[in-house]
Amino acid sequence: MGQLSRWAVRAGHFLGGGLLDLLYPPPARCAGCQRLLPWDWEPLLCRACLEAIPFLHPPLCRHCGRPLRGPAVREGGTGLCRQCARGRARLLQRVRALALYEGVLREFLLRVKFNGER
């Protein structure tokens, strides 16, 4: 098979698959656990995965945004986590995150970043 005919076959598969997906869209799946989503569900994650995300809540380190515990939280405390209080992580002025990078959120972000392949 010549180079042109191989290209034509690939283009046919691509266009045919795209047309089928347009006419009969594949079912939506949760980007976290791959369960089927209800047809009217808007978010990319199912309810169970959304509830499993470890969202961050105050008190947070005023420099890096990590959750604070212990002396840094008390009145008169530095408001800095151990790493920031020791002078580490000074390359940035301030960092904030929505949630901890673990569990469902980590799996979701890796799947989005690497398109399901690691």
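Coordinates for the structure precede this section.
*Asks:* Explain the pattern of salt bridges to me, please; I cannot follow it from the model alone.
*Replies:* Pairing is possible between side chains that carry opposite charge, provided their charged atoms lie close to one another. A full pass over the atoms with the stated rule returns 1 salt bridge. The salt bridge involving Arg 106 is made with Glu 107; its shortest N-O contact spans 3.8 Å. Look at Glu 107 and you get partly exposed, because its relative accessible area is 27%.

*Asks:* What's the story with a nonpolar patch on the surface in this structure? I'm lost.
*Replies:* A grouping of Leu 91, Leu 92 and Val 95 is seen on the molecular surface, where their side chains present a nonpolar patch of about 330 Å² in accessible area. Position of Leu 91 among the secondary structure elements: in the loop between α3 (82–85) and α4 (103–114). For Leu 91, a relative accessible area of 86% gives the class exposed.

*Asks:* How should the state of the cysteines be read in this particular structure?
*Replies:* The bond known as a disulfide is covalent and runs between the sulfur atoms of two cysteines. Following the criterion strictly, the structure yields 0 disulfides and no others. No disulfide involves Cys 33; its nearest neighbouring cysteine sulfur is the one of Cys 30, lying 3.7 Å away. When its relative accessible area of 30% is taken as the criterion, Cys 33 is described as partly exposed.

*Asks:* Explain unusual backbone geometry here, please?
*Replies:* In most cases, non-glycine residues show a negative phi, while peptide bonds are predominantly trans. Omega for the bond connecting Pro 58 with Pro 59 falls within 30 degrees of zero, at 5 degrees, which places this linkage in the cis form. Structurally, Pro 59 can be placed in the loop between α2 (47–52) and α3. In this structure, Gln 34 takes a positive phi of about 70 degrees despite not being glycine. With respect to the helices and strands, Gln 34 occurs in the loop between α1 (3–23) and α2. For Gln 34, a relative accessible area of 34% translates into the label partly exposed.

*Asks:* Mind showing me how you'd approach the environment of Leu 109 here?
*Replies:* As for its position among the elements, Leu 109 is in helix α4. When the C-alpha atoms of Leu 109 and Ala 31 are compared, they prove to be 8.9 Å apart, with 78 residues separating the residues in sequence.

*Asks:* Hey, could you run me through the environment of Gly 32 in this one?
*Replies:* Following the sequence through the fold, Gly 32 ends up in the loop between α1 and α2. With residues up to four places along the chain from it excluded, the contact list for Gly 32 reads Leu 45, Cys 49 and Arg 111.

*Asks:* So what exactly am I meant to see when it comes to the nonpolar core here?
*Replies:* Where a protein is soluble and globular, its nonpolar side chains tend to be buried together. Membership of the largest hydrophobic core is limited to 11 residues, which are Cys 30, Ala 31, Leu 37, Leu 45, Cys 46, Cys 49, Ile 53, Ala 99, Val 104, Leu 105 and Phe 108. A per-element tally of this core places α4 first, with 3 residues. Excluding anything up to four places from it in sequence, Leu 45 contacts Cys 30, Ala 31, Gly 32, Leu 37, Leu 50, Ile 53 and Phe 108.

Criteria and thresholds
- Position labels on residues start from 1 in each chain and follow its written sequence.
- Under the rules for a predicted model, residues below a pLDDT of 70 receive no local features and side-chain atom pairs below 80 are neither given nor counted, while totals for whole chains, interfaces and linings still include all residues.
- Side-chain calculation: all heavy atoms of the structure are included, whereas hydrogens and water are not.
- The term salt bridge refers to a pairing of a side-chain nitrogen on Lys or Arg with a carboxyl oxygen on Asp or Glu at a separation within 4 Å.
- Any residue under 20% of the maximum accessible area for its type is buried, any over 50% is exposed, and the rest in between are partly exposed; the area is computed with a 1.4 Å probe on protein chains only.
- Only residues whose relative accessible area exceeds 30% and that form no salt bridge enter a patch; like-charged residues are grouped when within 9 Å of one another, and nonpolar side chains (Val, Leu, Ile, Met, Phe, Trp, Tyr) when within 5 Å.
- Reported accessibility uses the Shrake-Rupley method at a 1.4 Å probe radius. Residues are deemed covered only where the shown protein chains occlude them.
- Here a strand is any run of E in DSSP of at least two residues, a helix any run of H or I of at least four, and the numbering for each starts at the N terminus.
- In plain terms, two cysteine sulfur atoms within 2.5 Å form what is called a disulfide here.
- Whether two residues are in contact is decided by their heavy atoms, any of which lying within 4.5 Å being enough.
- In plain words, nonpolar cores are sets of buried Ala, Val, Leu, Ile, Met, Phe, Trp, Tyr and Cys residues tied together by side-chain atoms within 4.5 Å.

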